[in-house]
Amino acid sequence: MASVAARSFVFRQQMNTRRFDFASCLNIKSFYSSYSANPKEKSPENYTQYHEVSSDNWKFVERLKPPTVVPSFPKNGSCFSDWTPPPDTPPNLPYFVKRTKNFMVPVYLNFEAVRNQRKITMVKHIEGDIWALEKAIKSHLEEVTKRQVVSQVHEVAMYIKFRGDYVLHVKKWLLNAGF
Amino acid sequence: MATKIINKTVTELSLRITRCFFVPSKTIQTNATLFQERLETSITNVEEQLPTTIRPPLPIIHSRKLAFPPKFKAPRQVWVSNMDTVEEEKLGLIDLHPEVFAERPRVDIIHENVRWQQLYRHVSYANTKMRYEVRGGGKKPRQQKGSGRSRHGSIRSPIWRGGGIVHGPRSPTPYFYMLGFNTRLNGLRSTLSAKLAQDDLHIVDSLDIPTDDPSYLEKLVEERGWGPAVLFVDDNDIMPLNITAASDSHGHYNLMPVYGLNVYSMLKHHTLVLTLAAVERLEERLLFHLNRNDAASAGQKYRLDSV
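The structure presented is a predicted model; accordingly, all values stated were derived computationally and were not measured.

J.: Sorry if this is basic, but what is going on with the overall build of chain A here?
T.: Along its length, chain A carries five helices and six strands. Overall, chain A shows an N-to-C arrangement of helices and strands of α-α-α-β-β-β-β-α-β-β-α. Counting the 179 residues in chain A, one finds 24% classified as buried. Counting contacts in chain A only where the partners sit at least 6 residues apart, residues at least 24 apart contribute 59% of the total. Counting every atom, chain A has about 13,800 Å² of accessible surface; 55% of that belongs to carbon and sulfur.

J.: Mind showing me how you'd approach the side chain of H202 of chain B here?
T.: Locating H202 of chain B in the fold gives a position in strand β5 (residues 201–204). Those residues within four positions of H202 of chain B in sequence are excluded, and the remaining contacts are W226, T271, L272, V273 and L274 of chain B.

J.: Looking at this structure, I do not really get a nonpolar patch on the surface. What am I missing?
T.: All names here are of chain B. A contiguous nonpolar surface patch, about 400 Å² in accessible area, is contributed by Y120, F176, M178 and L304. Position of Y120 among the secondary structure elements: in the loop between α4 (107–119) and β3 (123–124). Relative accessible area serves as the criterion here: at 31%, Y120 is assigned to the partly exposed category.

J.: Explain the pairing of strand β3 (residues 118–123) of chain A to me, please; I cannot follow it from the model alone.
T.: The two faces of the sheet receive side chains in turn, since in a regular strand these alternate between them. Residues and elements named next belong to chain A. Inspection of the sheet shows strand β2 (residues 107–112) paired to β3 by six bridges, in the antiparallel sense. Following the sheet pairing, F111 is matched in β3 by K119. Strand direction decides the pairing type here: β3 and strand β6 (residues 159–163), joined by four bridges, are antiparallel. Counted as the bridge partner of T121 is F162 from β6.

J.: Is there a simple way to think about the packing of α4 of chain B against helix α5 (residues 181–197) of chain B in this case?
T.: A packed helix pair is summarised by two numbers, namely the angle formed by the two axes and the spacing between the axes. All names here are of chain B. Running from amino to carboxyl end, α4 crosses α5 at an angle of 115 degrees, the nearest separation of the two axes being 8 Å. If you check the angle between α4 and α5, you find them roughly perpendicular. As for the relative orientation of α4 and α5, their crossing is left-handed in sense. Residues I109, I110, E112, N113 and W116 of α4 form the contact with α5, whose own contacting residues are T183, R184, N186, G187, S190 and T191. Across the contact of α4 with α5, the residue classes break down as three nonpolar, six polar and two charged.

Reading the values: the criteria
Residues numbered from 1 in each chain as written. Chains lettered and ligands numbered in written order. Predicted model: local features only at pLDDT ≥ 70, side-chain atom pairs only at ≥ 80, totals over all residues. Heavy atoms only, no water. Helix = DSSP H or I, 4+ residues; strand = E, 2+ residues; numbered from the N terminus. Buried < 20%, exposed > 50% of the residue type's maximum accessible area, 1.4 Å probe, protein only. Contact = heavy atoms within 4.5 Å. Areas by Shrake-Rupley, 256 points an atom, 1.4 Å probe, with all protein chains shown as cover. Patch = residues over 30% accessible without salt bridge, like charges linked within 9 Å, V, L, I, M, F, W, Y side chains within 5 Å. Salt bridge = Lys/Arg side-chain N within 4 Å of Asp/Glu carboxyl O. Pairing = 2+ DSSP bridges. Axes fitted to C-alpha atoms, helices over the stretch in contact; angles between N-to-C directions. Parallel < 35°, antiparallel > 145°, perpendicular 65-115°, else oblique. Left-handed = near helix turned anticlockwise from the far one by under 90°. Nonpolar A, V, L, I, M, F, W, Y, C, P; charged D, E, K, R; others polar.

Dropping the structure here:
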C-alpha cells in the first residue's frame, strides 16, 4: 500500500510540478462531525421536509415505558382480582409477615426434583417470633386438611416451609390475620 | 409499632441480634429542647478551647427525608458529628432507613461475600507435569513379551516413580466467579446493619479537617473512641487535601468513595465513618435496587452463564 502510494506520488511529481498533496495520493478517508459539516451535503430544502411535534407529546412515549420502581397502589377503588391492599396498622401479634415490593403476600410454591415431585409451600419475609407463626399456621392447616403437616423453620433466613401445596390456605390465613 | 417479641428456642446469636433490632417503640424520643439541654455545656467548652470555630446555632442538621418511607419499622436515629475539632460535636440528628441500616444481619451472606471477595481474584500458580511433560518417557522400556516382567509403554507413566501426575494442579487456575447480585446487595445491608448495631458506624457532615497533620487524626480517633482502623467513606472520589495528607502515612485510616464500599473492607476496619452525602447516595442506590421491577431485564447482559 505504502509502496504503491510512494510510486504514484513520484509519478505525479514527475508528471506536473504540482505541490505535494498527500491526501490526494493516499485517499485518506475523512469523517465529519455531523451531516451538515460534510461538503457533499446540500441545504435542507433539497431533502424531505419534516415538522417538529410539540414536546408535550412525549408523555405518550413515557406512559408506554414500564415503571422501573414499583408504583404505589391506589388507595380507593375495588380490585377485581383477589388482591387486597396491605393494612395501615399492623396486627397485634408477636410476628409480622411483610408484603413484597409489589405488595403481594409472600407465599410461594416450590417444587423439589425428587422422585415424585415434591411440592413445598414457602412463607418468606417473616419478622419476629417465627416459631409462634409456624405453630399458628400449622394448626390451621391441620384443622383444614385433617392430616398431619410437616414443616421446616429456618431461623437464619427467616422462612417457613410446609410440605404440600397449601399456598391458598396459607395466603387466606395471612390475609385474615391482617398481614 | 406495638409488637411484642418473644424468642423461646433461638440460638444465642439471633437472640443478640433480636435485642439489637426489635427495639420497642419508645427508644430514642428526641425533641429540640432535649437536644439543646445536652449541647449548652459543650458549646461553651468548644468556644474556650478553639475560639476560631464559629458555628451557627445547633442543631444544624434537622431532619432527613427517607425515600420509600418504611411503614412499620422505625427509622434508626444517629447523631451527625463534625470533623473540625478533635472533640466530638454533635451537629444534628438524622434518620437512617431501617431496610438498609436495620436489617437482620445474615452472617451466612456476609461470609459468602467475604469468601467471594477473597477468591474471585485468586489465581493458583501451582503446577505439576503430566506424563507427556515430564522429561523422557518416549521409548518403550523393554519388549512387550519375553522378559517375565510387567509390561510398560513409558517410564513416565503415572504409575511409575518420577512419572507424570494425573489430576494435579495445573497453572494458572483461576477461581473467578460472580456472586449473585442480591447476595451482594444483602451483604452490604447486613454489614451496615451490624456496624450500626455494634456502635461502629458514625456519620459526619464532611471530611474537611483543619490541618493536614497526621497526629490530628490520631488524636481525633483516640478522643472519640473510634477503633484502631477507621474507614472514611464519602460520595466523591476526590477527597479533601487535608484528610488525604493526614491519613496517607497511616495504613489503618483509609478513604473510600461510596462506589467502593464492600463487605470485606467494612469488616476489616473497626469503625466506619460515613459522610451525609455518602449516606444519601448509599440509601438511594440500595433502596432503588430493593424496589425496582426491571432487574431481570436490566441484569440480563451481566449474566455470565446465559447467552
